[in-house]
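Topology and contacts: notes
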Amino acid sequence: MASNSTKSFLADAGYGEQELDANSALMELDKGLRSGKLGEQCEAVVRFPRLFQKYPFPILINSAFLKLADVFRVGMLGSLASIIPERKNAHHSIRQSLDSHDNVEVEAAVFAAANFSAQSKDFAVGICNKISEMIQGLATPVDLKLKLIPILQHMHHDAILASSARELLQQLVTSYPSNKMVIVSLHTFTLLAASSLVDTPKQIQLLLQYLKNDPRKAVKRLAIQDLKLLASKTPHTWSRENIQALCECALQTPYDSLKLGMLSVLSTLSGTIAVKHYFSIASGNVGSSPRSSDLVKLAQECCYHNNRGIAAHGVRVLTNITVSCQEKDLLALEQDAVFGLESLLVLCSEDDSPGAQATLKIALNCMVKLAKGRPHLSQSVVETLLTQLHSAQDAARILMCHCLAAIAMQLPVLGDGMLGDLMELYKVIGRSATDKQQELLVSLATVIFVASQKALSPEVKAVIKQQLESVSNGWTVYRIARQASRMGNHDMARELYQSLLTQVASEHFYFWLNSLKEFSHAEQCLTGLQEENYSSALSCIAESLKFYHKGIASLTAASTPLNPLSFQCEFVKLRIDLLQAFSQLICTCSSLKTSPPPAIATTIAMTLGNDLQRCGRISNQMKLSMEEFRSLASRYGDLYQASFDADSATLRNVELQQQSCLLISHAIEALILDPESASFQEYGSTGAAHADSEYERRMMSVYNHVLEEVESLNRKYTPVSYMHTACLCNAIISLLKVPLSFQRYFFQKLQSTSIKLALSPSPRNPAEPIAVQNNQQLALKVEGVVQHGSKPGLFRKIQSVCLNVSSTLQSKSGQDYKIPIDNMTNEMEQRVEPHNDYFSTQFLLNFAILGTHNITVESSVKDANGIVWKTGPRTTIFVKSLEDPYSQQIRLQQQQVQQPLQQQQQRNAYTRF
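Residues numbered from 1 in each chain as written. Predicted model: local features only at pLDDT ≥ 70, side-chain atom pairs only at ≥ 80, totals over all residues. Heavy atoms only, no water.

The name recorded for the protein chain in an unreviewed UniProt entry is Integrator complex subunit 7, from Monodon monoceros. Of the protein chain, the UniProt comment under Sequence similarities (unreviewed entry) reads exactly: "Belongs to the Integrator subunit 7 family." (UniProt positions renumbered as here; feature names shortened; annotations may be inferred.)

Right, here's the structure in full:
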């Protein structure tokens, strides 16, 4: 019988084939918790997270926590601090438990006090004196004091509270000089200063004092750790004297471990505003030369240290100084930085240990920063990397390829110079099918795509395909094809996707690869565009649209309910509509030749008072084209707002497509429809030097060229002339000649954020309406949970959730009554901030009109930068408004009174007749 009950518990609580509602699932898990067998109890505990994922609502979670608290009993109250931070009875229980004689209860109370202090200002203010008394009390054991002191780090809710906690910590550091007490007190001191932003400079001075004067290594290490925390959080509070004192300590210490820690603090500071403060001119004094400073002296000494970590931080400090202090003559420092990076690269690239790889990453990041900040040094940096690639280990080669790709993206002129060396290296690598070799194939192919900039030569494609056929697996080929699509090498991507079609087992994967192949083929058709050849442009666009339509059909077949590919489908649909709009505009421009204005066009224009009508039918067609491009720009904007989880490069790509539509619509207006009022100030030249990719750089160059052409023709010729139509057609061809880049979000989602809504009251059957009397208001409660993937907040975080509730009348029942307009519709909006990813709010809705109403609840989010994103979801319920009994009774009585009168009137009428 026990085995049967166990089987039932596992089947139901484990969410097997039989689906249970929330309460039933919780009851089954509760049975497991109360089981006498330890195994069943453990299994019930590990199944609770699955229950929370399926039913993430506070009522169920609170009930589940209470059941778990019965099992664990200790520390559960502290874990609930984020849910019930202001619960006064919980505050009172914690204060009482701190005075308990049971050590277990006291430890649990300390844990709860720390958690509640972090969440609740009222609790922190109330408990601060109690904690102070216990810490200063002679009867309190030292071990308990060490556990109580960290609570003071949470006393940052206001300045008075932080000041009192700081005074207490200052007394503790002075009164208790023991090793453990000093370490705990100093660290708590630092965390309090970092959170409250009060007296941070004093804390830096205190830590530097202990670092310099205290002989204990443990205290020095703690001081270095806390200084690094303050360097990363509040670099602007570091004075020149603070940095100078740290440099002196680093120069004097004989211990490499301490020197490494101090250099890590200085390398963190060197990448912030603090390094400019250090080299700035002090009031009344001549500015110090960077070459003569202790910071530079320390960095130069450490660049060639036998400890790799010390050398890496020394090089990083030199690089940051060289890049930050642009106004100073730093030729010697530039050479020191380059030589230090070269020696570190040679040292670490031939060593495949984890420590060497971590050091190599620091050096390569410095190389990218140096090439960007000092472009005249980039050639020597690239040559060093290419030379070392041949002798480096595979793991180091992968990192070096990433570095080369980053430099080539910033400085495209270096691409052609590195292509020959890269191809020679590509021929000799990849002799085995190990993971590192496969990763190296992808990395090196990416660098080749970046270095090529334009279409790959047949020789380059032949080398890559030959190498892939010999040693690569299908996943490596797909990753290289994906990179080719991102870099605009669609010819290469199409061939690779074609080779993968027969290597997948799932039909969804087949349709996905087939769609990518068709999209690449479609973009490849646009590479044959030539300016001034408009008939050929129409043929290329038509051919491209043919493959795009095939691809969208495959893409739709590749989508599943769990992976609907909504961004990909919408992006491709917009691309198809944009190509059709381009084609239609070229045809419209050609119609000036094929269908010139009639002879009476001038008379019609004078009659209508519209001078543009003298151009004939092309004027109306141009107006329609302009509206079409503005509509496409609006749709691209909607796609941008719906892509909350997209990376910045993908969003920038969508933004560029939107700007292309706005550019053409502006050109039509400025050249033809309204040249007199056209303004070019808001479309001023935007520097392409700040572009993050070659695609963006080329698109910005086209934008600036088109704007210059439009501005030169504006008001120069009377519209519509062949000069105007040629300018528009050439603008389209210039835009399409830039190969489209399919960015990362098209292939891969690194961040996943979704919102799950629950409405109450809710019907048992979604198709059934909720009954409401027309003289009452419906209190609609909206609850929601924000659900994340494996990397929450990778690109952006949710600050608040905007809930929009609207209702529409579906079907009307009963008689028409004169109802005020305000009572006919419901349109409300509220903003709520999620608390631990949960939010709830209520709406009062009025349904005065009898009939069935459709209520729609739509959510959108606002990120930390104030940008609104239309993430959804959109939930719908139905409400049936019924007549209240009292009004119904009065109406029936009135009908009964009126019925005899109507019958009497009818008899009188018959009698007269």
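Quick word on the environment of Ala-358
When you line up the elements, Ala-358 lands in helix 21 (residues 354-373). Here the alpha-carbon distance between Ala-358 and Ala-312, two residues 46 residues apart in the chain, equals 9.6 Å. (Helix = DSSP H or I, 4+ residues; strand = E, 2+ residues; numbered from the N terminus.)

Brief notes about the pattern of salt bridges
Applying the stated criterion to the full structure yields 28 salt bridges. Between Arg-479 and Glu-439 there is a salt bridge, and its shortest N-O distance comes to 2.9 Å. Note that Arg-479 is positioned in helix 27 (residues 474-487) and Glu-439 in helix 25 (residues 435-452), a separation of 40 residues in sequence. For Glu-669, the salt bridge identified is with Arg-630, shortest N-O distance 3.1 Å. Here Glu-669 is found in helix 34 (residues 648-673), whereas its partner Arg-630 is found in helix 33 (residues 617-642), with 39 residues between them in sequence. Arg-630 sits in the partly exposed class, given a relative accessible area of 40%. Each of the salt bridges in this network shares a partner with another, and the network as a whole consists of Lys-461, Lys-465, Asp-491, Arg-494 and Glu-495. (Salt bridge = Lys/Arg side-chain N within 4 Å of Asp/Glu carboxyl O. Buried < 20%, exposed > 50% of the residue type's maximum accessible area, 1.4 Å probe, protein only.)

Section: the sheet that holds strand 3 (residues 777-788)
Taken together, the three strands give an open sheet; going across it, the order is 1-3-6, and neighbouring strands pair in antiparallel fashion. The open sheet terminates on both sides in strands that have one partner only, identified here as strand 1 (753-760) and strand 6 (838-846). On average, adjacent strands in this sheet sit at an angle of 25° to one another, irrespective of strand direction. Here strand 1 runs beside strand 3; their pairing, made up of eight bridges, is antiparallel. (Pairing = 2+ DSSP bridges. Axes fitted to C-alpha atoms, helices over the stretch in contact; angles between N-to-C directions.)

Topic: the packing of helix 25 against helix 26 (residues 458-471)
Interhelical geometry of helix 25 versus helix 26 gives an angle of 170° and a closest axis separation of 12 Å. In terms of orientation, helix 25 lies roughly antiparallel with respect to helix 26. Facing helix 25, whose interface residues are Gln-438, Leu-441, Ile-448 and Phe-449, helix 26 presents Val-460, Ile-464, Gln-467 and Val-471. Looking at the contact of helix 25 with helix 26, its residues break down into six nonpolar, two polar and no charged. (Parallel < 35°, antiparallel > 145°, perpendicular 65-115°, else oblique. Contact = heavy atoms within 4.5 Å. Nonpolar A, V, L, I, M, F, W, Y, C, P; charged D, E, K, R; others polar.)

A short note on the side chain of Ser-859
For Ser-859, the position within the fold is in strand 7 (residues 851-863). Within the structure, Ser-859 has its side chain in polar contact with the backbone oxygen of Gly-872 (distance 2.5 Å). Each residue touching Ser-859, except ones within four places of it in the same chain, is listed here: Ile-755, Leu-757, Val-801, Cys-802, Leu-803, Thr-871, Gly-872 and Pro-873. (Polar contact = N/O pair within 3.5 Å; in protein donor to acceptor, adjacent residues only side chain to side chain.)

Details of the pairing of strand 4 (residues 798-812)
As judged from the 13 bridges shared by strand 4 and strand 7, these two strands associate in the antiparallel manner. Within strand 7, the residue paired with Val-801 across the bridge is Val-861. Bridge analysis of strand 4 against strand 5 (residues 826-832) gives seven bridges, and the strand direction is antiparallel. Note on strand 5: the bridge partner recorded for Leu-803 is Gln-830.

Description of the packing of aromatic side chains
If you walk through the whole model with that rule in mind, you get 19 aromatic pairs. Here Phe-48 and Phe-52 contribute two aromatic rings whose centre-to-centre distance is 6.1 Å and whose plane-to-plane angle is 55°, an arrangement assigned as tilted. With Phe-48 and Phe-52 both in helix 4 (residues 48-54) and four residues apart, this pair spans about one turn of that helix. This pair shows no difference in class: Phe-48 is buried, exactly as Phe-52 is. Three or more aromatic residues link up through ring pairs in this structure, and these residues are Trp-512, Phe-519, Tyr-548, Phe-567, Phe-571, Phe-742, Tyr-745, Phe-746 and Phe-747. The lysine or arginine in question, Lys-217, covers the ring of Tyr-255, its NZ or CZ lying 3.9 Å from the ring centre. The ring centre of Tyr-278 lies 5.3 Å from the NZ or CZ of Arg-240, which sits over that ring. (Phe/Tyr/Trp six-rings, centres within 6.5 Å; stacked < 30°, edge-to-face > 60°. Lys NZ or Arg CZ within 6 Å of the ring centre and 35° of its normal.)

So, a negative patch on the surface
Together, Glu-531, Glu-532, Glu-708, Glu-709 and Glu-711 line one region of the surface with negative charge. Tracing the backbone through its elements, the reader meets Glu-711 in helix 35 (residues 694-713). Classification of Glu-711 as partly exposed rests on a relative accessible area of 48%. (Patch = residues over 30% accessible without salt bridge, like charges linked within 9 Å, V, L, I, M, F, W, Y side chains within 5 Å. Areas by Shrake-Rupley, 256 points an atom, 1.4 Å probe, with all protein chains shown as cover. Lys, Arg positive; Asp, Glu negative; His and termini not counted. Charge placed at Lys NZ, Arg CZ, Asp CG, Glu CD.)

Here we look at the packing of helix 23 (residues 394-410) against helix 25
Where helix 23 meets helix 25, the closest approach of the two axes is 9 Å, and the angle between their N-to-C directions is 15°. Judged by the inter-axis angle, helix 23 sits roughly parallel to helix 25. In this structure, the crossing between helix 23 and helix 25 has a hand that is left-handed. For the pair helix 23 and helix 25, contact is made by Asp-394, Ala-395, Arg-397, Ile-398, Cys-401, His-402, Leu-404, Ala-405, Ala-408 and Met-409 and by Lys-436, Gln-437, Glu-439, Leu-440, Ser-443, Leu-444, Val-447 and Val-450, respectively. Taken together, the residues of the contact of helix 23 with helix 25 sort by class into 11 nonpolar, three polar and four charged. (Left-handed = near helix turned anticlockwise from the far one by under 90°.)

Examining the state of the cysteines
Going through the model one piece at a time under the given rule, you end up with zero disulfides. Looking at Cys-302, it has no disulfide partner, and the nearest cysteine sulfur is the one in Cys-303, 7.6 Å off. Not part of a disulfide, Cys-587 finds its nearest cysteine sulfur in Cys-729, a span of 9.2 Å. Given the relative accessible area of 36%, Cys-587 is considered partly exposed. (Disulfide = S-S within 2.5 Å.)

Focus on unusual backbone geometry
The omega torsion of the bond from Ser-760 to Pro-761 falls at 0°, within 30 degrees of zero and hence cis. Locating Pro-761 in the fold gives a position in the loop between strand 1 and strand 2 (770-773). The backbone phi angle of Glu-532 is positive, close to 70°, even though this residue is not glycine. Counting through the fold element by element, Glu-532 comes out in the loop between helix 29 (507-525) and helix 30 (534-558). Look at Glu-532 and you get exposed, because its relative accessible area is 54%. Even without a glycine there, the phi angle at Asn-836 is positive, about 55°.

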